[in-house]
Amino acid sequence: MSKQIVIPFGPQHPVLPEPIHLDLVMEDERVVEALPSIGYVHRGLEKLVEKRDFRDFVYIAERICGICSFIHGMTYCHAVEGVMDLPVPPRANYLRTVWSELSRLHSHLLWLGLMADAMGFESLFMQSWRLREHVLDDMEETTGNRVIQGSCKVGGVRRDISDAKLREIADGLEELRPQLEDLRDVFVRDSSVRHRLGGLGTLTEQQAWELGAVGPVLRACGVANDIRQTGYAAYDELDFTPAVETAGDCWARTAVRAEELFTSIDLIQQAAEKIPEGPIEVKVTGNPKGEFYARSEQPRGEVIHYVKANGTKNLVRFRVRTPTFSNIAPLVVSMKGIELADVPVVVLSIDPCIGCAER
Amino acid sequence: MGLITIAKTISRNVFGGPATRRYPAEPAKRYDLTRGRLVFEPENCRLCRICMLRCPTQAIVVERKERTWEIDHFRCITCGNCVDLCPANVLHLEPVYREPEADRPAKEFHRIPEPPPENADAGCETPGV
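Residues numbered from 1 in each chain as written. Chains lettered and ligands numbered in written order. Predicted model: local features only at pLDDT ≥ 70, side-chain atom pairs only at ≥ 80, totals over all residues. Heavy atoms only, no water.

Chemist: A description of the overall build of chain B should follow, citing residues and the corresponding values.
Modeler: Per the secondary structure count, chain B includes three helices and five strands. Listed by position from the N terminus, the elements making up chain B come as α-β-α-β-β-α-β-β. The proportion of buried residues among the 129 residues of chain B is 32%. Taking the intrachain contacts of chain B between residues at least 6 apart in sequence as the baseline, contacts between residues at least 24 apart amount to 70%. (Helix = DSSP H or I, 4+ residues; strand = E, 2+ residues; numbered from the N terminus. Buried < 20%, exposed > 50% of the residue type's maximum accessible area, 1.4 Å probe, protein only. Contact = heavy atoms within 4.5 Å.)

Dropping the structure here:
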């Protein structure tokens, strides 16, 4: 056995958009063990719930993450609405679904670009981000902001989208579809991409399930687990099949995310056709009392928001389990045996969002 | 398949023009709903303090006795909560962003004018916060 050395990876590294630190125990060029440590961007947002009105905390819950912000805000609203037993109007549920899927589109396009950048495919990175701009424009036009949308509130949504505008968004995405298909084909079929990502950071179905992997990391191992199938918001009235791959490696994770772009477009188009008329919010009276556990599907996987309230305007407890946190254990296992030069690509393949994971 | 895809992408990039705007020669893209900056009109403010009490970042400070309204723009996240809640509609969001500032804190200070005598005691309550 050759001598083992420890190489620190992160918290500042060109491939990492956010800080995570890994101590890589190496034998020559091979990773024997990876020891993660987090805590560089902890902001104490969960504690802040004790100081803010539960209706205003949605703006803070949205800022848990700078990419999948809308779904954090929506899941928090689900949790509070669950405590208060508030009936959310169907139109608001459809609008939440549309914004969730737009968020997923922009998050996946962002990640595909970052992945292309991590494997040294600069022009593919630019192409992904160019297409992402169309989605961001749709979000800004309908909510007022590109990423932190601020359009969800307890009891419904703050803004309506006219039916004509919804059809325009659906048609715009249909026009985008051929370009996204070209992009997907490069990620899925291009021989240099397959060579770079195939067989890298492999997890078996059993490992992924036992280690608690969520989202595309789990679906890339052959488990068709998607929280959208539980039917929150308007998903129970829309038809979709989760994208699944079986290889369990970095390529499979990329393929799952590339395929999910089209699932999102289909869902938005279905929602634009089926959206009912009606109010977009219900009046919130009184304060919540009780506890609730809300789950939803982020671009990175399942997110859980737990809230506990005691009948005052401030919640007692707020707890978030984010998908990145769940995916760190599978990441560490999938890194065993890979080469040092592959570490950045494997770390990026779980779509790490450390801002979420540490809150 | 690879060559066709590359040829399509190259031709789109060569003949399709730039994907970005030539800002500042061309104006930046903005929409009616864009949350750019918060604008306050002190004339009709009732000093009800809802904006201060419901601001998620505690960026606004209202003093009833001194009749002042103050915002720290470095704390404000332009969520628009105060705009939705203001009963006198003296707050609104403009789609243009604030100019960059170097001085900290970037505070904006307003003195609320005294109301005419007949309205002196109207609207100074803080409704259902």
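Chemist: How would you summarise the packing of helix α4 (residues 122-143) of chain A against helix α5 (residues 163-189) of chain A if you had to cite specific residues and measurements?
Modeler: Any two packed helices are characterised by the angle at which their axes cross and by the distance between the axes. Residue and element names in this part refer to chain A. Two elements in contact, α4 and α5, have axes whose closest approach is 11 Å; the angle formed by their N-to-C orientations is 165 degrees. The angle between the axes of α4 and α5 places the two elements in the roughly antiparallel class. Remark: the crossing between α4 and α5 carries left-handed chirality. Residues L124, Q127, S128, R130, L131, H134, V135, D138, E141 and T142 of α4 pack against K165, I169, L176, Q179, L180, L183, V186 and F187 of α5. (Axes fitted to C-alpha atoms, helices over the stretch in contact; angles between N-to-C directions. Parallel < 35°, antiparallel > 145°, perpendicular 65-115°, else oblique. Left-handed = near helix turned anticlockwise from the far one by under 90°.)

Chemist: Report on the pattern of salt bridges, specifying residues and quantitative values.
Modeler: All names here are of chain A. On inspection of all chains with the given rule, the structure shows 33 salt bridges over all chains. Close ionic contact of D163 with R91 constitutes a salt bridge, the shortest N to O distance being 3.0 Å. Here the residue D163 occupies a position in helix α5, and R91 occupies one in helix α3 (residues 90-118), the gap between them amounting to 72 residues. Note that E168 and K165 form a salt bridge whose closest N and O atoms lie 3.2 Å from each other. In this pair, E168 and K165 are both assigned in helix α5, three residues apart and thus about one turn of the helix distant. (Salt bridge = Lys/Arg side-chain N within 4 Å of Asp/Glu carboxyl O.)

Chemist: How would you sum up α5(A)? Please name residues and give values.
Modeler: Quick reminder: α-helices carry 3.6 residues per turn. Residues three or four places apart thus point the same way. In this model, α5(A) (27 residues) spans 37 Å end to end at C-alpha, consistent with the 39 Å of a helix rising 1.5 Å per residue. The sharpest bend along α5(A) comes to roughly 40 degrees, located at A:R177, with the proline A:P178 sitting one to four residues further on. (Expected span 1.5 Å × (residues − 1). Bend = angle between axes of the 7 residues up to and from the residue.)

Chemist: Provide a residue-level description of the interface of chain A and chain B, including the pertinent values.
Modeler: In this complex, chain A contributes 25 residues to the contact, which on the side of chain B involves 23 residues. Area buried by chain A at its contact with chain B is led by A:D56, A:E140 and A:D182, which between them contribute 21% of it. For the salt bridge of B:R54 with A:D53, the shortest nitrogen-to-oxygen distance reads 3.9 Å. Across the contact surface, chain A and chain B share 14 residue pairs in polar contact (both at pLDDT 80 or more). (Buried area = accessible area lost by both parts, 1.4 Å probe. Polar contact = N/O pair within 3.5 Å; in protein donor to acceptor, adjacent residues only side chain to side chain.)

Chemist: Got a sec to walk through the nonpolar core? Specific residues and values, please.
Modeler: A:L24, A:Y76, A:L102 and A:M335 are the most contacted members of the largest nonpolar core, which has 125 residues in total. Sorting elements by how many residues they give to this core places α3(A) first, with 14 residues. A:L24 has contacts with A:I5, A:V6, A:I7, A:F9, A:V31, A:E33, A:A34, A:M335, A:L340 and A:V343, leaving out every residue within four places of it along the chain. Within the second largest apolar cluster, 19 residues are counted, among which are B:C45, B:I60, B:C82 and B:C86. (Core = buried A, V, L, I, M, F, W, Y, C linked by side-chain atoms within 4.5 Å.)

Chemist: Give me the sheet that holds strand β6 (residues 289-298) of chain A: which residues, what numbers.
Modeler: All names here are of chain A. With antiparallel pairing, three strands are arranged side by side in an open sheet as β6-β7-β8. Edge positions in the sheet fall to β6 and β8 (315-321), since each of these pairs with one other strand and no more. Between one strand axis and the next, the sheet turns through 10 degrees on average, direction left out of account. Of the strands in this sheet, β6, β7 (301-310) and β8 touch helix α2 (residues 69-84), which is tilted by about 150 degrees from β6. (Pairing = 2+ DSSP bridges.)

Chemist: Mind laying out the side chain of B:R35, listing which residues take part and the relevant values?
Modeler: Within the secondary structure, B:R35 is located in the loop between α1 (2-15) and β1 (37-40). No salt bridge is formed by the buried B:R35, whose closest oppositely charged neighbour, A:E62, lies at an N-O distance of 5.8 Å. A polar side-chain atom of B:R35 sits 2.8 Å from the main-chain carbonyl oxygen of A:Q149. In this structure, B:R35 is in contact with A:T143, A:G144, A:N145, A:I148, A:Q149, A:G150, A:R159, B:T78, B:C79, B:L93, B:E94 and B:Y97, ignoring residues within four places of it in sequence. (Lys, Arg positive; Asp, Glu negative; His and termini not counted.)

Chemist: Please give an account of the packing of aromatic side chains that cites residues and values.
Modeler: Geometry of an aromatic ring pair is reported as the spacing of the ring centres plus the angle between the planes. All names here are of chain A. Taken as a whole and judged by the stated rule, the model has nine aromatic pairs over all chains. With centroids separated by 5.5 Å and ring planes inclined at 90 degrees, the aromatic side chains of Y76 and F318 adopt a geometry described as edge-to-face. With Y76 in helix α2 and F318 in strand β8, this residue pair connects regions lying 242 residues apart in the sequence. Between the aromatic rings of F125 and W129, the centroid separation amounts to 5.1 Å while the plane-to-plane angle is 65 degrees, which identifies the pairing as edge-to-face. Note that F125 and W129 are positioned in helix α4 at a spacing of four residues, about one turn of the helix. Residue F125 is classed as buried on the basis of its relative accessible area, which comes to 14%. Judged by its relative accessible area of 30%, W129 falls in the partly exposed class. (Phe/Tyr/Trp six-rings, centres within 6.5 Å; stacked < 30°, edge-to-face > 60°.)

Chemist: Summarise unusual backbone geometry; cite the residues concerned and give the values.
Modeler: Residues and elements named next belong to chain B. Cis geometry marks the peptide bond from Y23 to P24, where omega comes out at 10 degrees. Positioned with a positive phi, Q58 is a non-glycine residue whose angle comes to about 55 degrees. Along the chain, Q58 falls in the loop between α2 (50-54) and β2 (60-63). For Q58, a relative accessible area of 44% translates into the label partly exposed. Unusually for a residue other than glycine, T78 sits at a positive phi of about 40 degrees. In this fold, T78 is placed in the loop between β3 (68-72) and α3 (81-85).

Chemist: With reference to specific residues and values, describe the packing of α3(A) against α4(A).
Modeler: All names here are of chain A. Contact geometry of α3 with α4 gives a least axis separation of 8 Å together with a crossing angle of 160 degrees. Taken together, the axis directions place α3 and α4 in an arrangement best described as roughly antiparallel. The handedness of the crossing between α3 and α4 comes out as left-handed. For the contact of α3 with α4, the per-class residue count stands at 15 nonpolar, six polar and four charged. (Nonpolar A, V, L, I, M, F, W, Y, C, P; charged D, E, K, R; others polar.)

Chemist: How would you explain a nonpolar patch on the surface if you had to name every residue and give the values?
Modeler: All names here are of chain B. Nonpolar side chains collect at one region of the surface, where L3, I6, I10, V14 and F15 lie side by side and expose about 600 Å² of accessible area between them. Among the structural elements, V14 can be located in helix α1. Overall, V14 belongs to the exposed group, its relative accessible area being 56%. (Patch = residues over 30% accessible without salt bridge, like charges linked within 9 Å, V, L, I, M, F, W, Y side chains within 5 Å. Areas by Shrake-Rupley, 256 points an atom, 1.4 Å probe, with all protein chains shown as cover.)

Chemist: How would you explain the sheet that holds β2(B) if you had to name every residue and give the values?
Modeler: All names here are of chain B. In space, the three strands of this open sheet follow the order β2-β3-β5, with antiparallel pairing throughout. If you trace the sheet from one side to the other, it starts and ends with β2 and β5 (107-111), each paired once. Put simply, the sheet's adjacent strands are angled 10 degrees from each other on average, direction ignored. Judged from the four bridges that link them, β2 and β3 form a sheet pairing that is antiparallel. Within β3, the residue paired with V62 across the bridge is W69.

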